[in-house]
Amino acid sequence: MNNIGKKFISMVVGLAVLAAILILVYRAEYATEEAHTKDMFAMDTYFVLKAYGPEAETALELCEAKVLELEAALSVTKADSDVSKYNNRESRMVSWDTYTLVEKALQLCEETDGALDITLYPVQQAWGFTTDSKRVPSHEELKELLKKVDYKGLIPSAPGRCPIIGMGEQQIDLGAVAKGYTGDCLLDILREQGVTSAMLDLGGNVQVLGSKPDGSPWKVAVRNPLDTSTAIGVLEISDKAVITSGSYERYFEENGKRYWHILDPKTGYPADKGLVSVTVVGESGVRCDGLSTALFVMGKKNAVEFWRSAGDFEMLLVTEGGELYITEGLQENFVCSEGWNAEVINR
Ligand code: ADP
Ligand code: MG
């Protein structure tokens, strides 16, 4: 080969190497920053799923399918869901997801001493929160319905390949934990698909995977329960769930009194222990979801006691009077909005 030929070949090889380097640099620097989003209406609210990187698009398709599958199984209003079939005594056989969620939820019912009770459905139904016929049930009616409420009577078991739930008269509503469980399932899918950076907003329940593509923490605004168009502050987090329960989310008014959808299983009435919202920050979506509802029912004093003994989550509480409390583990991660001042709760 003459000199010109050799030069030509080394030039081609050089260009190929350069192109390969450029592609690698591009993939590392830019391709992972490409955001893919999926919006959907599910579980009676809006979901916005956002993921980054080359695997994101396929992963989000799988996530959407999983949301639809879970909704079909867990919905208390869809007639052919596992939950409805169980409540209507058509079948005690359920999917593995329903079984797993019931088991996890029952542990939370136990741990919160019944502040969370997934067998509250008959009472919930009387208030009409699941349908659109909201009303204030009479005292006697509630007393009668409360006799059917007891999570302890709900026994899940999985002999062989057919998981079943329930032995007694209970009817269930998984509304307090379903979105958190869904978030956990979606994060598993995203991880399996190789996604390392994602933010899921499941109707205000936020669950993030990793950090933002540039390595900085995700910023999650916490809504002001007294004026939902504003925020009380911003949380900076990675790999966490931020889940809020508030009396402002679903309610109706009658004779000048407000009635909301989080009920106290001991009384059958909307939980009224002085809180307007509880935000729980932790690793597990289903746990944070169940706890946000339960701590709302408990009220500040018992919620703080519970937080001290649990040790695996942090929380923000807003009281009716507009006071904001945050647990000490959030001090470094929470920036208050103007006009708000957070009092820190210590261990
Ligand atoms: P949201 O679903 O509005 O984000 P929550 O996670 O607090 O808020 O769940 C509220 C739902 O949980 C209610 O709509 C109802 O279905 C159910 N629920 C209400 N009170 C309780 C309770 N004490 N224990 C278990 N489930 C409850
Ligand atoms: Mg909840």
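Just so you know, these numbers come straight off a predicted model, no measurement behind them.

Rules behind the numbers
Residues numbered from 1 in each chain as written. Chains lettered and ligands numbered in written order. Predicted model: local features only at pLDDT ≥ 70, side-chain atom pairs only at ≥ 80, totals over all residues. Heavy atoms only, no water. Helix = DSSP H or I, 4+ residues; strand = E, 2+ residues; numbered from the N terminus. Buried < 20%, exposed > 50% of the residue type's maximum accessible area, 1.4 Å probe, protein only. Contact = heavy atoms within 4.5 Å. Areas by Shrake-Rupley, 256 points an atom, 1.4 Å probe, with all protein chains shown as cover. Lys, Arg positive; Asp, Glu negative; His and termini not counted. Salt bridge = Lys/Arg side-chain N within 4 Å of Asp/Glu carboxyl O. Pairing = 2+ DSSP bridges. Axes fitted to C-alpha atoms, helices over the stretch in contact; angles between N-to-C directions. Donors = N, O, S within 2.8 Å, 3.2 Å for Na, K, Ca; no water. Near = heavy atom within 4 Å. Polar contact = N/O pair within 3.5 Å; in protein donor to acceptor, adjacent residues only side chain to side chain.

Asks: What exactly am I supposed to notice about the overall build of the protein here?
Replies: Scanning the protein for helices and strands turns up 9 helices and 14 strands. Along the first, second and third principal axes, the C-alpha set of the protein runs to 100 × 55 × 35 Å. Taken across its 347 residues, the protein has 49% of its residues classed as buried. A separation of at least 24 residues holds for 59% of the contacts in the protein among residues at least 6 apart in sequence. A total of about 17,200 Å² of accessible surface is found on the protein, and carbon and sulfur atoms cover 51% of it.

Asks: Can you walk me through the side chain of Asp173 in this structure?
Replies: Relative to the elements of secondary structure, Asp173 occurs in the loop between α6 (139-146) and α7 (178-192). With no salt bridge to any partner, buried Asp173 finds its closest opposite charge in Arg250, at an N-O distance of 9.4 Å. When near neighbours in sequence (up to four residues on either side) are disregarded, Asp173 contacts Val76, Ile118, Tyr121 and Gln124.

Asks: Sorry if this is basic, but what is going on with the sheet that holds strand β5 (residues 218-223) here?
Replies: Adjacent strands of a sheet form backbone hydrogen bonds with each other and so pair up, either parallel or antiparallel. Taken together, the 3 strands give an open sheet; going across it, the order is β5-β6-β13, and neighbouring strands pair in antiparallel fashion. At either end of the open sheet lies a strand with only one pairing partner, and these are β5 and β13 (334-336). Averaged over all pairs of adjacent strands, the angle between their axes in this sheet comes to 25°, without regard to strand direction. Looking at chain direction, β5 and strand β6 (residues 231-237) are connected through 6 bridges and run antiparallel. Paired with Lys219 across the bridge in β6 is Glu236.

Asks: Is there a simple way to explain the coordination of the magnesium ion (ligand 2) in this structure?
Replies: Every protein donor of the magnesium ion (ligand 2) is accounted for by Ala176 (O), Asp289 (O), Asp289 (OD) and Thr293 (OG1), and the metal-donor separations fall at 2.2 to 2.6 Å. For the magnesium ion (ligand 2), the single-chain donor residues occur in sequence as A-x112-D-x3-T. Here Thr293 and Asp289 lie together in helix α8 (residues 285-298), a separation of 4 residues that amounts to about one turn. Judged on exposure class, the residue Asp289 and its partner Thr293 are both buried.

Asks: Mind showing me how you'd approach the site of ligand 1 here?
Replies: Residues in close proximity to ligand 1 total 18 residues, the closest being Asp173, Ser245, Glu249, Leu263 and Thr293. With respect to ligand 1, the side chain of Asp173 contributes an N or O atom lying 2.5 Å from an oxygen atom. In the model, an oxygen atom of ligand 1 is placed 2.6 Å from a nitrogen or oxygen of the Ser245 side chain. For ligand 1, whose accessible area on its own is 570 Å², the fraction buried by protein is 93%.

Asks: Explain the pattern of salt bridges here, please?
Replies: When the charged atoms of two side chains with opposite charge come close together, those side chains can pair. Applying the stated rule across the entire model yields 16 salt bridges. One salt bridge connects Glu111 with Arg287, and the closest N-O pair in it is separated by 2.9 Å. One end of the pair, Glu111, is in helix α4 (residues 96-111); the other, Arg287, is in helix α8, with 176 residues separating them in the sequence. In this structure Glu111 comes out as partly exposed when scored by relative accessible area, which is 37%. Residue Lys219 is joined to Glu236 by a salt bridge in which the shortest nitrogen-to-oxygen separation is 3.6 Å. Within this pair, whereas Lys219 is found in strand β5, its partner Glu236 is found in strand β6, the two being separated by 17 residues in sequence. By relative accessible area, Glu236 is classed as partly exposed at 27%. Salt bridges sharing partners connect three or more residues here, namely Lys38, Glu61 and Glu64.

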